[in-house]
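# Observations on the three-dimensional arrangement
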Amino acid sequence: MACISHTFGASMKIGQLPVANQRQFPNKISQLLFLHPRNFRSLKFCDFQNYNRLNRYESYTAIFNSVSSDHNIPEERISVLVIGGGGREHSLCYALKRSQSCDAVFCAPGNAGIANSGDATCIEDLDIFDSSAVIAFCHKWEIGLVVVGPEAPLVSGLTNDLLKAGIHAFGPSSEAAALEGSKNFMKGICDKYGIPTAKYETFTDPLAAKKYIKEQGAPIVVKADGLAAGKGVIVATTLQEAFEAVDSILVNGSFGKAGSSIIVEEFLEGEEASFFALVDGENALPLESAQDHKRVGDRDTGPNTGGMGAYCPAPVLTPELQSLVMSSIILPTVTGMSKEGCKFVGVLYAGLMIEKKSGLPKLIEYNVRFGDPECQVLMVRLESDLAQVLLAACKGELNSVTLEWSPGSAMVVVMASNGYPGSYVKGTKIQNIEEAELAAPGVKIFHAGTAVDADGNYVANGGRVLGVTAKGKDLEEARDRAYRAVEEINWEGGFYRKDIGWRALPVKQKSLK
């Protein structure tokens, strides 16, 4: 049974955490279940629906009795803190809440949609870049596992500090996170350990970079070396576009320190796919395959984004190809990182190109966390206890873990603010989200960038705002359900791609035009 506080849909400030009544409980998190009326106002709720939900219970005693009489609760239960506040983190909270061994789920900072969904209790003012504050929170509320969602806290060393404090943390150390934090580091690992990837060169001098580009010709790819929120990759179809990309990054500093050096890489023609594996330092456990849609426009046109949709599984990754990815890319990386003295613990997200001319996978990039929006389709299909799976990774015990998945397929369609991935306006009203979740079976809407205005309405608070996700017996049914839900949402300030899944469902797509 999940913590009753989830039903409240609370968003709290650290100083406003509720206080237990006279009854004592073995876990401090259980204190959240039993609130004195005088403490109720100290919670910051996002809308009055939460108050109405509380009134459905006749007494706090009845709640306690229902919890006490549940004989199916596992003996070992843990409370989990999820770091982050986007769609990926919402889906992780959703999966953790469904985990039988999970006592409670917190999300810092979270967002309004996560809080109101009842999938986690959001701690909005916990500074995730202040390790001492995160550690203090974990000790106070006896957090048994911290799951770090975004890449920035990983690169800055949050996991290092949590481990030193004796707290289990799912996510790599700052040293191992360099696989994503520096494309040059990742390419160096590929070179040293024979991992197939695109031919490349690294530059800090714009003139040298342009000379190399002219020698190689277009199309060609220019990448900022460091973290650029998924926007630091330019696929240049002409020499002029490539030269402009070099100037933008190296001369104009469009990505700041992340662009102090660049990678110029050969253009690989083929089909992209995402491959995920959980890693415990020595062992790797593959997850289901998924396929992202990076370009902002239909039929993969326009600039790159953080991701406009995804589906799972990806037909392009056959069982044979998945086995090849594990043996030629994932396992050599795990071994190589161990030999380099920075064992990788967390999730390896390999961005792959299934090359058209050879049919073989090449590594485009590594991310050191769950992809967004791929995580959404993975989490709605995962049937295993996520809390225990991630804890096993932290303890180096993945070799004893098997994963269970629901049959069929899942798809997520991202709804973004008009103007994204460029400048966009915040605060546009979004309506009918709850109705959209009822539009078809198997629909779940994950909030990536929402807030609540003074009238209690959801408003856009970011570029990518909603991840409308659906399961189905096959990809076609998942797609139809997802788009049926999308069409229910009333948001004049947003847009979405209308062709998610077009590579796997070409015939279906023709009927949509």
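This text gives an overview of the structure that appears in the document. From a predicted model like this one, the values you see are computed outputs, not experimental measurements.

What counts and what doesn't
Residues numbered from 1 in each chain as written. Predicted model: local features only at pLDDT ≥ 70, side-chain atom pairs only at ≥ 80, totals over all residues. Heavy atoms only, no water. Helix = DSSP H or I, 4+ residues; strand = E, 2+ residues; numbered from the N terminus. Buried < 20%, exposed > 50% of the residue type's maximum accessible area, 1.4 Å probe, protein only. Areas by Shrake-Rupley, 256 points an atom, 1.4 Å probe, with all protein chains shown as cover. Phe/Tyr/Trp six-rings, centres within 6.5 Å; stacked < 30°, edge-to-face > 60°. Lys NZ or Arg CZ within 6 Å of the ring centre and 35° of its normal. Pairing = 2+ DSSP bridges. Axes fitted to C-alpha atoms, helices over the stretch in contact; angles between N-to-C directions. Contact = heavy atoms within 4.5 Å. Core = buried A, V, L, I, M, F, W, Y, C linked by side-chain atoms within 4.5 Å. Polar contact = N/O pair within 3.5 Å; in protein donor to acceptor, adjacent residues only side chain to side chain.

## A few points about the overall build of the chain
The number of helices and strands found in the chain is 19 helices and 26 strands. Within the chain, the fraction of its 513 residues that count as buried is 57%. Carbon and sulfur atoms make up 50% of the accessible area of the chain, which totals about 20,900 Å².

## Comments concerning the packing of aromatic side chains
The way to describe two aromatic rings as a pair is by their centre distance and the angle between their planes. The tally for this structure, following the rule as stated, stands at six aromatic pairs. Where Phe203 meets Tyr212, the ring centres are 5.4 Å apart and the plane angle is 45°; that geometry is what we call tilted. Of the two residues, Phe203 and Tyr212, both sit in the buried class. Looking at Lys498, its charged tip hangs above the ring of Tyr496, at a distance of 4.9 Å from the centre.

## A look at the sheet that holds strand E12 (residues 270-280)
Taking strand neighbours across the sheet as the criterion, the four strands line up as E13-E12-E18-E19 in an open arrangement whose pairing is antiparallel. Of all the strands in the sheet, just strand E13 (284-286) and strand E19 (361-367) have a single pairing partner and so form its edges. On average, adjacent strands in this sheet sit at an angle of 35° to one another, irrespective of strand direction. Where E12 and E13 come together, three bridges link them in antiparallel fashion. Residue Ala277 lies in a different strand from E13, and its bridge partner there is Pro286. Lying over the sheet, helix H14 (residues 319-339) contacts E12, E13, strand E18 (345-355) and E19, oriented at roughly 50° with respect to E19.

## Brief notes about the nonpolar core
Within the largest apolar cluster, 79 residues are counted, with the highest numbers of intra-cluster contacts made by Leu81 and Ile330. Broken down by element, the residue count for this core peaks at seven residues, all from H14. Leaving out residues up to four positions away in the same chain, Ile330 has contacts with Phe275, Ala277, Ala284, Val325, Leu348, Ala350 and Tyr366. If you look at the next biggest cluster of nonpolar residues, it comprises 48 residues, including Ile114, Phe370, Leu378 and Ala387.

## Comments concerning the side chain of Thr197
Structurally, the position occupied by Thr197 is in the loop between helix H11 (183-193) and strand E8 (200-203). The buried category is assigned to Thr197, whose relative accessible area is 14%. Looking at Thr197, its side chain comes within polar contact range of the main-chain oxygen of Leu363, at 2.6 Å. Among all residues touching Thr197, those that are not within four sequence positions of it are Lys187, Cys190, Lys362 and Leu363.

## Section: the sheet that holds E8
Across the sheet, which stays open at both edges, the four strands sit in the order E8-E11-E9-E10 with antiparallel pairing between neighbours. Looking at strand neighbours, the two that pair on one side only are E8 and strand E10 (233-236), the edges of this open sheet. Direction aside, neighbouring strands of the sheet carry axes that sit 20° apart on average. Of the strand pairs in this sheet, E8 and strand E11 (residues 262-266) are connected by four bridges, and their pairing is antiparallel. Paired with Thr202 across the two strands is Ile263, which belongs to E11.

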